[in-house]
Amino acid sequence: MKIILLFIFIIIPIHLFAQTGWILQNTNITSNITWIQFINNNTGYACGSSGVFLMTSNGGTNWINSYINTSNFKMIQFLDAQTGFASGDSGIVRTTNQGLNWVSVYSGIDGMYIHFTDINNGIKAGNTISITTNGGLTWQNNYALPPGGITGLYFFNGTNIYCTGWDWIMQFGGLYTARINKSINGGLNWSYQYNSTLDFCCSATNAIFFYDQNTGFAVGYERETNYFYKTTNSGGNWSKLSTPSKMYSTMFITGNTGWICGELGNVYYTENSGNNFNLQITNVSVALRKIFMLNKDTGFVAGDNGTILKTVNGGITGLNQSNSENPDNYSLSQNYPNPFNPVTKIKFALKGTSAELTYLTVYDALGREVEELVNRQLEPGTYEADWDAS
């Protein structure tokens, strides 16, 4: 992997502090985290591989680490501070005392993804879609999905449920499609909302989120192209926009304002319903699996190697990708305006065929490091970094 070093010297007699939109939290674990949820500003939960379970009661400042069992958990859902469910590759478990103790309510591979409306009524998704009305003691199979797999389950309300994943058919050695399924009667019946072109290689939708009855967003990939999907008519039609890398999660707090996250530590932000995205600074390079925003400013993202990041400013910093086209050369422009008071912009360009580890550092006239603005993998393109000296 190439390492791109960009240095800029600015004569300014003050020392600044690193600016980042996402702050790494101390979890003291190295297991991959697949899901994170907050029920209020202070109380949050996370789960992941090897049975890991995390809980915070002070907004992520401290995390209590424990283990449910040895399963690899895909997601967690708490109905209130005490009652929650977790699902994974060996079944579904339930707690009624904030995760101190867990009991099994389903054993098997057909319970990777869940949604409970209360302690009794829930739905699970695996090779089949099933519902329970007694807290998971018994399950009724209602819909056998086509051969393939499920990557997520999104419960918009009591009737509208969406399922993401892929289809597979045995033809010419195997063909794949990325799919979105929808139920309008609580999971009793399902229909296709999106089904990509048959392909010889992997295709799937990874996650979906609906802001309102009509406006929904999804992320996925079709062969070698990664996509952000959007609908404005409840999934009847979907438009799609390519993304630089594979995305695993999306969340919107209005019909226009939202985030997506995924590989290489990438978090992207939009203010125009996904017509354009701006890359945000995370200073991590691991895959980020789940984003959860409490409001436009406060949110969390979780991923591999025990990574949890928190933002208190919506992740918005001074680094924006102004052009995703591959430039002819590497370049670093003089900051502008110059002189400035108190904000200046630094424009630079990266060429290549893949993400590169890039550093952008500010030094004073004596060669002393003043601030590191960028320390992460960036895709080829043209960027502008805002530097606030106030």
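All figures in this text were calculated on a predicted structure; none of them were measured in a lab.

Peer 1: Would you mind showing me how to read the overall build of the protein chain here?
Peer 2: Within the protein chain one finds zero helices and 35 strands. Computed over C-alpha atoms, the radius of gyration of the protein chain comes to 22 Å, within 12% of the 21 Å expected from 2.2 N^0.38 for 390 residues, which places it in the range of a compact globule. Each of the three principal axes of the protein chain carries a C-alpha extent, and together these read 70 × 50 × 35 Å. For the protein chain, the residues scored as buried account for 55% of the 390 residues in total. Within the protein chain, contacts between residues at least 6 apart in sequence are counted, and of these 47% link residues at least 24 apart. As presented, the protein chain carries roughly 16800 Å² of accessible surface, and 50% of it is formed by carbon and sulfur atoms.

Peer 1: What am I meant to see in the pairing of strand β21 (residues 225-231) here?
Peer 2: The side chains of a regular strand alternate between both faces of the sheet. Most of β21 sits out of view: six of its seven residues are buried. Taken together, the seven bridges between strand β20 (residues 216-222) and β21 define a ladder with antiparallel strand orientation. Each bridged residue has a counterpart across the sheet, and for A218 the counterpart in β21 is Y229. Hairpin connection, β20 to β21: the antiparallel pair is bridged by two residues, and R223 has positive phi, about 60°.

Peer 1: How should the packing of aromatic side chains be read in this particular structure?
Peer 2: Each aromatic ring pair is characterised by the separation of its centres together with the angle its planes make. Within the structure shown, the criterion is met by 22 aromatic pairs. With a centroid separation of 6.2 Å and 20° between ring planes, the pair formed by F53 and F78 is classed as stacked. Here F78 lies in strand β7 (residues 73-78) and F53 lies in strand β5 (residues 52-56), a separation of 25 residues in the sequence. Of the residues examined, F53 reaches a relative accessible area of 2% and is grouped as buried. Here F53 and W102 contribute two aromatic rings whose centre-to-centre distance is 5.3 Å and whose plane-to-plane angle is 75°, an arrangement assigned as edge-to-face. Taken together, the residues F53 in strand β5 and W102 in the loop between β9 (91-95) and β10 (103-107) connect sequence positions 49 residues apart. Taken together, the ring pairs in this structure connect Y45, F53, F78 and W102 into an aromatic cluster. Across from the ring centre of Y248, 4.6 Å away, lies the NZ or CZ of R289, which sits over that ring.

Peer 1: Honestly, the sheet that holds strand β35 (residues 381-388) in this entry has me stumped. Any pointers?
Peer 2: Strand pairs in the sheet, formed through backbone hydrogen bonds, run parallel or antiparallel to each other. If you trace the four strands from one edge of the open sheet to the other, you get β30-β35-β32-β31, paired in antiparallel fashion. Bordering the open sheet on either side are β30 (319-323) and β31 (331-332), each of which pairs with just one other strand. Pairing analysis gives two bridges linking β31 to strand β32 (residues 343-350), with the strands arranged antiparallel. From the neighbouring strand, L332 faces β32, where its bridge partner is F348.

Peer 1: Sorry, what's going on with the pattern of salt bridges here?
Peer 2: Once the charged atoms of two side chains with opposite charge are near each other, the side chains can pair. Applying the stated rule across the entire model yields five salt bridges. A salt bridge links R179 to D167, with the shortest nitrogen-to-oxygen separation between them at 2.2 Å. Taken together, the residues span a long stretch of sequence, with R179 in strand β17 (residues 175-183) and D167 in strand β16 (residues 161-169) at a distance of 12 residues. Of the two residues, R179 and D167, both sit in the buried class. One salt bridge in this structure joins E222 and K240, with 3.0 Å as the shortest N-O distance. Of this pair, E222 sits in strand β20 while K240 sits in strand β22 (residues 239-243), placing them 18 residues apart in sequence.

Peer 1: I tried to follow the pairing of strand β25 (residues 267-270) on my own but got confused; where do I start?
Peer 2: Of the two faces of β25, the one holding V267 and Y269 and the one holding Y268 and T270 are both buried throughout. Two successive antiparallel strands, strand β24 (residues 258-262) and β25, enclose a turn made up of four residues, where L264 displays a positive phi of approximately 60°. Pairing analysis gives three bridges linking β25 to strand β26 (residues 278-280), with the strands arranged antiparallel. Each bridged residue has a counterpart across the sheet, and for V267 the counterpart in β26 is Q280.

Peer 1: Help me out: how do you make sense of the side chain of T83 in this one?
Peer 2: Relative to the helices and strands, T83 resides in the loop between β7 and β8 (84-88). In contact with T83, other than residues within four places in its own chain, are Q77, F78, T95, T96 and I119.

Peer 1: Is there a simple way to think about the sheet that holds strand β4 (residues 44-48) in this case?
Peer 2: One open sheet holds the four strands; their spatial order is β3-β4-β5-β6, and the pairing between them is antiparallel. The open sheet has two edge strands with one neighbour each: β3 (33-38) and β6 (64-67). On average, each strand axis in the sheet is tilted by 20° relative to the strand beside it, whichever way the strands run. When β5 meets β6, the two strands line up antiparallel, connected through four bridges. For F53, the partnering residue across the bridge sits in β6 and is S66.

Peer 1: Would you mind showing me how to read the state of the cysteines here?
Peer 2: What we call a disulfide is simply a covalent bond connecting the sulfur atoms of a pair of cysteines. Scanning all chains against the criterion turns up zero disulfides. With no disulfide of its own, C47 has C261 as its nearest cysteine by sulfur position, at a separation of 14 Å. Judged by relative accessible area, which is 1%, C47 ranks as buried. In this structure C163 is not part of a disulfide, and its nearest cysteine sulfur, from C202, lies 18 Å away. Judged by its relative accessible area of 0%, C163 falls in the buried class.

Cut-offs used in this document
Sequence positions are assigned chain by chain, starting from 1 and proceeding in written order. In keeping with the predicted nature of the model, local features appear solely for residues at pLDDT of at least 70, side-chain atom pairs appear and are counted solely at 80 or more, and the whole-chain, interface and lining totals rest on all residues. No hydrogens and no water enter the side-chain calculation; it runs on all heavy atoms of the structure. A run of DSSP states H or I qualifies as a helix once it reaches four residues; a run of E qualifies as a strand once it reaches two. Both are numbered from the N-terminal end. With C-alpha atoms as the basis for the radius of gyration, the globule rule is written as 2.2 Å multiplied by the number of residues raised to the power 0.38. Buried means the residue's accessible area, taken with a 1.4 Å probe over protein chains only, is under 20% of the maximum for its type, while exposed means over 50%, and partly exposed covers the values in between. We call two residues in contact whenever any of their non-hydrogen atoms come within 4.5 Å of each other. Exposure was quantified through the Shrake-Rupley algorithm and a 1.4 Å probe, taking into account, for residues, occlusion by the shown protein chains and nothing else. In short, DSSP must find at least two bridges between two strands for them to pair. Side-chain rings of Phe, Tyr and Trp, where Trp is taken by its six-membered ring, are said to pair if the distance between their centres is within 6.5 Å; with planes under 30 degrees apart they count as stacked, over 60 as edge-to-face, and otherwise as tilted. Whether a charge sits over a ring depends on NZ of Lys or CZ of Arg being within 6 Å of the ring centre and within 35 degrees of the ring normal. Think of a salt bridge as a Lys or Arg side-chain nitrogen and an Asp or Glu carboxyl oxygen that are within 4 Å of each other. Axis lines are fitted through C-alpha atoms, for helices just across the contact stretch, and the angle between N-to-C directions can take any value from 0 to 180 degrees. Two cysteine sulfur atoms make up a disulfide if the distance between them is within 2.5 Å.

Purely geometric stuff here, so don't read any function into it on its own.
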